[in-house]
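# Topology and contacts: notes
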Amino acid sequence: MKVTFPQLGNTCFAAKAIFDDIGIEYILPPVSNKTCLEIGSKISPEEMCFPFKIMMGAYIQSIEKGADTIILPGSCGPCRYGEYCELQMNILRKLGYNIKFIVIDTPGSIGKDELLNRIAEVGKSSEKSRKQKMLAVLNGYKIIRLMDDIERKTRMLSGYEMNRGECKRILRECKKEALNTFGSKEMIKVLMRYKEKLSSVKVNMCKKPVKIAIIGEIYTILEPFSNQYIEDKLMDMGISTQKTLTPSWWVKNTVLSPFKLNSIDIRRASKKYLPLYIGGHSRECVGEAVLAHKNGFDGAIQILPMGCMPEIVSKSILPTISSDRNFPIMTLVVDEMTGDAGFDTRVEAFADLLERRRMKNVLYGY
Ligand code: SF4
């Protein structure tokens, strides 16, 4: 068995470390790029979501390198994500690939026993003991948390840094070095070193940078290629950003959801505008917008793929939140036709607007 999996933000670091530790052969999926999108767009139904197409392109590239099993995290409620696995299997079969899919779904959707069966299916080609496998998974979770934490700090500190570009460079080097390690112990060491390094970044905490919350559909938030590298661009502009939906958030949310203890702050914040889960992460998007305003952010940017059903609902609610709270929110829709120039112009104009509002507040005390 040679496994592969879709790119989803920092999850690839944990997956790599876990498979190294338990001795399962794997093919690291390519970093999402234009080629993935071109291949995926050719073989996917036109009306399918943008993330689906990028994933398909990456699968084909990994399969051509020898992958025969795809591990896919499942369940995002009643949106097209529920159809991903079946449709992806059908398309690959029609193209002549005989690929096995293992969908790691939530216990609420498939039951605890089935979930354990599927996890056992992944681990069955490993010769390691149950204890070693458990330890590998725990270390994988530690890696996701560390990497998300490093990313969160660098994205926030970039607005305060004295040497423009330092945080971005540290984050890039950290990710590159982490991928060159073998096993969780080595990777954790690298991440701890970079975490330490961040405390020596020279910052001016008297600065008052514009702060933007990045909200919206989880894949397009997490995958830089699909959001035109928006966080890096904002870092270059000296803007601090924050996103709540990260892989470590996802793990915690999934584990706590059967006990209804997940994302309590988001659920409370979204209650007035969207009191139900309607699929995807639309409720989170609405709650995050409210929380961003409450936590002193200057604005929020919602990113969603063209035709994303749950995010269209939150998109229609965000203007009400914006006018209720005098809080600027911009929506960016991405798909395979999205180009750099128009996208960048909108981001720059929004950042400019927030900067002017900030000045006005300082001058006139609004
Ligand atoms: S959340 Fe949106 S983009 Fe993601 S699978 Fe569902 S419909 Fe598609």
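Residues numbered from 1 in each chain as written. Predicted model: local features only at pLDDT ≥ 70, side-chain atom pairs only at ≥ 80, totals over all residues. Heavy atoms only, no water.

### Digging into unusual backbone geometry
The test is simple: Strands here mean DSSP runs of E at least two residues long; helices mean DSSP runs of H or I at least four residues long; both are numbered from the N terminus.
Unusually for a residue other than glycine, Lys260 sits at a positive phi of about 55°. Looking at where Lys260 falls in the secondary structure, it is placed in the loop between α12 (247–256) and α13 (264–270). Residues other than glycine seldom take positive phi values, yet Ser263 does so here, at roughly 40°. With respect to the element layout, Ser263 can be found in the loop between α12 and α13.

### With respect to helix α15 (residues 309–325)
Counted only if it meets this: Working rule for helices: expected span equals 1.5 Å times residues minus one. Bend at a given residue is defined as the angle between two axes, one fitted to the seven residues that end at that position and one fitted to the seven that begin there. Whether two residues touch is decided by their heavy atoms; if any such pair falls within 4.5 Å, the residues are in contact.
The first and last C-alpha atoms of α15 sit 25 Å apart over 17 residues, in line with the 24 Å expected at 1.5 Å per residue. The sharpest bend along α15 comes to roughly 30°, located at Ile317, with the proline Pro319 sitting one to four residues further on. Each element contacted by the buried residues of α15 is listed here: β5 (211–216), α14 (282–294), β7 (299–305) and β8 (329–334).

### A short note on the packing of helix α8 (residues 166–179) against helix α9 (residues 184–198)
Threshold: The axes used here are C-alpha line fits, helices contributing only the stretch in contact, and every angle between their N-to-C directions lies in the interval 0 to 180 degrees. Just so you know how the angles are binned, under 35 degrees is roughly parallel, over 145 roughly antiparallel, 65 to 115 roughly perpendicular, and the rest oblique. When residue character is reported, Ala, Val, Leu, Ile, Met, Phe, Trp, Tyr, Cys and Pro are called nonpolar, Asp, Glu, Lys and Arg charged, and the others, Gly included, polar.
With their axes 9 Å apart at the nearest point, α8 and α9 run at an angle of 170° to one another. Judged by the angle between their axes, α8 and α9 are roughly antiparallel. Contacts between α8 and α9 involve Ile170, Glu173, Cys174, Glu177 and Ala178 on the former and, on the latter, Met187, Val190, Leu191, Arg193, Tyr194, Lys197 and Leu198. Split into classes, the residues belonging to the contact of α8 with α9 amount to eight nonpolar, no polar and four charged.

### Notes on the nonpolar core
Applicable threshold: In plain words, nonpolar cores are sets of buried Ala, Val, Leu, Ile, Met, Phe, Trp, Tyr and Cys residues tied together by side-chain atoms within 4.5 Å. Exposure categories follow from relative accessible area, calculated using a 1.4 Å probe and restricted to protein chains: below 20% of the type maximum is buried, above 50% is exposed, and the middle band is partly exposed.
Counting residues in hydrophobic clusters, the biggest one holds 68 residues, and the most contacted among them are Tyr59, Leu92, Ile212, Ile301 and Ile321. In this structure, Ile321 is in contact with Tyr273, Val286, Ala289, Val290 and Ile329, ignoring residues within four places of it in sequence. Of all hydrophobic cores here, the second largest spans 34 residues; its members include Ile24, Ala136, Ile144 and Ile150.

### Some details on the side chain of Asp335
Stated formally: For the purpose of charge, His is not counted, nor are the chain termini; Lys and Arg are scored as positive and Asp and Glu as negative. Here, a salt bridge means any side-chain nitrogen of Lys or Arg that lies within 4 Å of a carboxyl oxygen of Asp or Glu. What qualifies as a polar contact is a pair of N or O atoms within 3.5 Å, subject to a donor-acceptor requirement within protein and to the restriction that residues adjacent in sequence count only when both atoms come from side chains.
Assignment of secondary structure puts Asp335 in the loop between β8 and α16 (340–364). No salt bridge is formed by the buried Asp335. Its closest oppositely charged neighbour is Lys53, at 7.3 Å. One polar contact links the side chain of Asp335 to the main-chain amide nitrogen of Met337, over a distance of 2.8 Å. Once residues lying within four places of it in the same chain are set aside, the contact partners of Asp335 are Phe50 and Met306.

### Here we look at the side chain of Asn10
Relative to the assigned elements, Asn10 resides in the loop between β1 (2–4) and α1 (11–22). Given the relative accessible area of 4%, Asn10 is considered buried.

### Things to note about the packing of α14 against α15
Just so we agree on the cut-off: Take the far helix as your reference; a near helix turned counterclockwise from it by less than a right angle gives a left-handed crossing, and one turned clockwise gives a right-handed crossing.
At a minimum axis separation of 8 Å, α14 and α15 run at an interaxial angle of 20°. Relative to α15, the element α14 lies roughly parallel. The way α14 lies across α15 gives a crossing that is right-handed. Between α14 and α15, the contacting residues are Ser282, Cys285, Val286, Ala289, Val290 and His293 on the first element and Pro310, Glu311, Ser314, Ile317, Leu318, Ile321 and Arg325 on the second. A per-class count over the contact of α14 with α15 returns eight nonpolar, three polar and two charged.

### Some points on the environment of Leu274
Relative to the helices and strands, Leu274 resides in the loop between α13 and α14. Residue Leu274 is classed as buried on the basis of its relative accessible area, which comes to 8%. Distance from Leu274 to Lys142, taken between C-alpha atoms, is 33 Å for residues 132 residues apart in sequence. Ignoring sequence-local partners within four residues, the contact set of Leu274 consists of Ser282, Arg283, Val286 and Ile317.

### As for the packing of aromatic side chains
Where we set the bar: To pair, rings of Phe, Tyr and Trp, with the six-membered ring standing in for Trp, must have centres within 6.5 Å; the planes then decide the type, stacked if under 30 degrees apart, edge-to-face if over 60, and tilted in the middle. Here, over-ring charges are defined by two tests on the NZ atom of lysine or the CZ atom of arginine: distance to the ring centre within 6 Å, and angle to the ring normal within 35 degrees.
What the rule picks out here adds up to five aromatic pairs. Grouped by ring-pair contacts, the aromatic residues Phe5, Phe19 and Tyr26 constitute a single cluster. Sitting over the face of the ring of Phe297, Lys211 holds its NZ or CZ atom 5.6 Å from the ring centroid. Against the face of Tyr277 rests Arg283, its NZ or CZ located 4.9 Å from the ring centre.

### A word on the sheet that holds strand β6 (residues 240–242)
The criterion, for reference: Two strands pair if DSSP finds at least two bridges between them.
Taken together, the four strands give an open sheet; going across it, the order is β6-β5-β7-β8, and neighbouring strands pair in parallel fashion. Each end of this open sheet is capped by a strand with a single partner; those strands are β6 and β8. Across this sheet, the average inter-strand angle for adjacent strands is 25°, counted without regard to direction. Pairing between β7 and β8: six bridges, direction parallel. Paired with Ile303 across the bridge in β8 is Leu332.

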